[in-house]
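Each chain, letter by letter, is given below.
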Amino acid sequence: MITFACFVPHSPILIPEVGKENLDKLKDTVKAYKNLEEDLYSAKPDIIIIISPHANSQAGQFFTINQSPYFNLNFKKFGDLVTKVQLVNEIGFGYKIKESCEDFFPIILTADQELDYGSGVPLFYLTEHLRQTKIVSIGYADLSYSDHVKFGQLIRKQINLSGQRVAIIASGDLSHKLHKDSPAGYSDRAQEFDQTIMKLIQEKDIDKILDLDQELIKESGACGLRSLLILLGIIKELNYQPVQLSYQSPFGIGYLVENFEVK
Ligand SMILES: [Zn+2]
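Numbering of residues starts from 1 in every chain and runs along the sequence as written. Where totals are concerned, whole chains, interfaces and linings use all residues; where local detail is concerned, this predicted model gives features only for residues with pLDDT of at least 70, and gives and counts side-chain atom pairs only at 80 or more. Hydrogen atoms and water are omitted, and side-chain values are computed over all heavy atoms in the structure.

The protein chain is annotated in an unreviewed UniProt entry as AmmeMemoRadiSam system protein B from Candidatus Komeilibacteria bacterium RIFOXYC1_FULL_37_11.

So, in structure tokens, the structure goes:
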């Protein structure tokens, strides 16, 4: 059964050793993360599925499942030589997802012991008191948006069959072009993208998300849309209540924390 589901951002600045004084600019996001962490802990998950835009080291037409037995979290690439966490993989469940999906989608197994920061930032916060809980690491593909919803639905079947308590974390940032000084440049449609996505999440309107103007999506430079669609595919038929915990964009990138409270 699914006991927890959320959508979260993955700015490395959220890691105290990386963000340092800039962390203060994300304090609403950090507070929201801490709130989620308590919720996840109370949900007593046996398995945590993390979906990240940056987990797919093959970056192509394949969904990926990372089957390294252990995962290392660190943020060395961002100058942090201190933070280190080790987590354990739920390999058996990863295989089952692959087996059940391979007739429908291209899906491959990878073995990267170092987790990408898109997985690492959320897991750093959310597993603070759950370091022994087993992880399944999924990367999305360069396939259609509706395929991502279908992929989510197949994962849900596998969750139901497993009889385990499963938590889902979808990692992703919204628009990367909100400010004149955004690292990815500015688009006057970026704000529209973020507001539209947040509204459609609240309205639970997956069809409208799938029908979004392709130009608007492209203009936004968001990395989180496909993660979000896998998550929505997983929880689609459940009774859930979306609760927006925070939204910030101090560096020109949209950071949304959303709790999909499963009833
Ligand atoms: Zn990203």
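From this point, the discussion proceeds with the structure in view.
**Here's the deal with the sheet that holds strand 7 (residues 134-139)**
In this scheme, strands are said to pair when DSSP sees at least two bridges between them. A helix here means a DSSP run of H or I that spans at least four residues, while a strand means a run of E at least two residues long, and both kinds are numbered starting from the N terminus. Overall, mixed pairing links the eight strands, which are arranged 6-3-7-2-8-1-10-9 in an open sheet. The open sheet has two edge strands, strand 6 (107-110) and strand 9 (240-248), and neither has a second partner. Strand after strand, the sheet turns through a mean of 20° between neighbouring axes, direction not considered. It only takes one pair of heavy atoms within 4.5 Å for two residues to be counted as in contact. Interaxial angle, 0 to 180 degrees, is taken between N-to-C directions of lines fitted to C-alpha atoms, where a helix line uses only the stretch in contact. In the packing of helix 5 (residues 145-162) onto the sheet, contacts are made with strand 1 (2-8), strand 2 (47-52), strand 3 (63-66), strand 6, strand 7 and strand 8 (166-171), and the angle to strand 3 comes to roughly 40°. Strand contacts of helix 9 (residues 225-235): strand 1, strand 2, strand 3, strand 8, strand 9 and strand 10 (255-262), with the helix running at about 160° to strand 1, the strand carrying the most contacts.

**Overview of the packing of helix 5 against helix 9**
The relative placement of two packed helices comes down to the angle between their axes together with the axis-to-axis distance. Relative orientation of the contacting elements helix 5 and helix 9 amounts to 40°, with a least axis distance of 6 Å. As summarised for this structure, helix 5 and helix 9 are arranged oblique, according to the angle between their axes. Here the hand of the crossing between helix 5 and helix 9 comes out right-handed. For the pair helix 5 and helix 9, contact is made by Tyr145, His148, Val149, Phe151, Gly152, Gln153, Ile155, Arg156 and Ile159 and by Leu225, Arg226, Leu229, Ile230, Gly233 and Ile234, respectively. Working definition: roughly parallel below 35 degrees, roughly antiparallel above 145 degrees, roughly perpendicular at 65 to 115 degrees, and oblique for all remaining angles. Handedness of each helix crossing follows the sense of rotation of the near helix against the far helix: counterclockwise by less than a right angle gives left-handed, clockwise gives right-handed.

**Some words on the coordination of the zinc ion**
As a rule, N, O and S atoms within 2.8 Å of a metal are its donors, except that Na, K and Ca use 3.2 Å; water is not among the atoms, so sites may look incomplete. In the first shell of the zinc ion, the protein supplies His10 (NE2), His54 (NE2) and Cys223 (SG), at 2.1 to 2.3 Å from the metal. Buried residues are those whose accessible area, probed at 1.4 Å on protein chains only, stays under 20% of the maximum for their type, while exposed residues exceed 50% and partly exposed ones sit between those limits. Here His54 falls in the partly exposed class, since its relative accessible area comes to 32%.

**Describing helix 9**
Within helix 9, 11 of the 11 residues are buried, which leaves the element mostly enclosed by the surrounding structure. All of the buried residues in helix 9 are Leu225, Arg226, Ser227, Leu228, Leu229, Ile230, Leu231, Leu232, Gly233, Ile234 and Ile235.

**Topic: the pairing of strand 10**
With six of its eight residues buried, strand 10 lies for the most part within the structure. Alignment of strand 1 against strand 10, held across two bridges, turns out to be antiparallel. Note that in strand 10 the partner of Cys6 across the bridge is Asn259. Inspection of the sheet shows strand 9 paired to strand 10 by eight bridges, in the antiparallel sense. The partner of Gln248 across the bridge, within strand 10, is Tyr255. The turn joining strand 9 and strand 10, which pair antiparallel and follow one another in sequence, is formed by six residues; a positive phi near 85° is taken by Gly252.

**Comments concerning the pattern of salt bridges**
Charged atoms that come close allow side chains of opposite charge to pair. In what follows, salt bridge is the name for a side-chain nitrogen of Lys or Arg lying within 4 Å of a carboxyl oxygen of Asp or Glu. Within the structure shown, the criterion is met by eight salt bridges. A salt bridge links Arg226 to Asp142; the shortest N-O distance between them is 4.0 Å. Here Arg226, found in helix 9, pairs with Asp142, found in the loop between strand 7 and helix 5; they are 84 residues apart in sequence, far enough to count as distant. In this structure, a network of salt bridges that share partners links the residues Arg189, Glu192 and Asp213.

**As for the side chain of Thr133**
Assignment of secondary structure puts Thr133 in the loop between helix 4 (117-126) and strand 7. You can call Thr133 buried: its relative accessible area is 9%.

**Some points on the packing of aromatic side chains**
The criterion for an aromatic pair is that two Phe, Tyr or Trp rings (for Trp, the six-membered ring) have centres within 6.5 Å, with stacked assigned to planes under 30 degrees apart, edge-to-face to planes over 60 apart and tilted to the rest. What the rule picks out here adds up to eight aromatic pairs. Between the aromatic rings of Phe75 and Phe124, the centroid separation amounts to 6.4 Å while the plane-to-plane angle is 90°, which identifies the pairing as edge-to-face. With Phe75 in strand 4 (residues 70-75) and Phe124 in helix 4, the pair connects residues that are 49 residues apart, well separated along the chain. On the basis of relative accessibility, which here comes to 18%, the residue Phe124 falls in the buried class. Here the aromatic cluster, defined as three or more aromatic residues joined through ring pairs, consists of Tyr33, Phe75, Phe124 and Tyr125. Only lysine NZ and arginine CZ atoms are considered, and such an atom sits over a ring when it is within 6 Å of the ring centre and within 35 degrees of the ring normal. Geometry around Tyr186 places Lys180 over its ring, the cationic atom sitting 3.8 Å from the centre. If you follow Lys204 out to its NZ or CZ, it ends over the ring of Tyr240, 4.3 Å from the centre.

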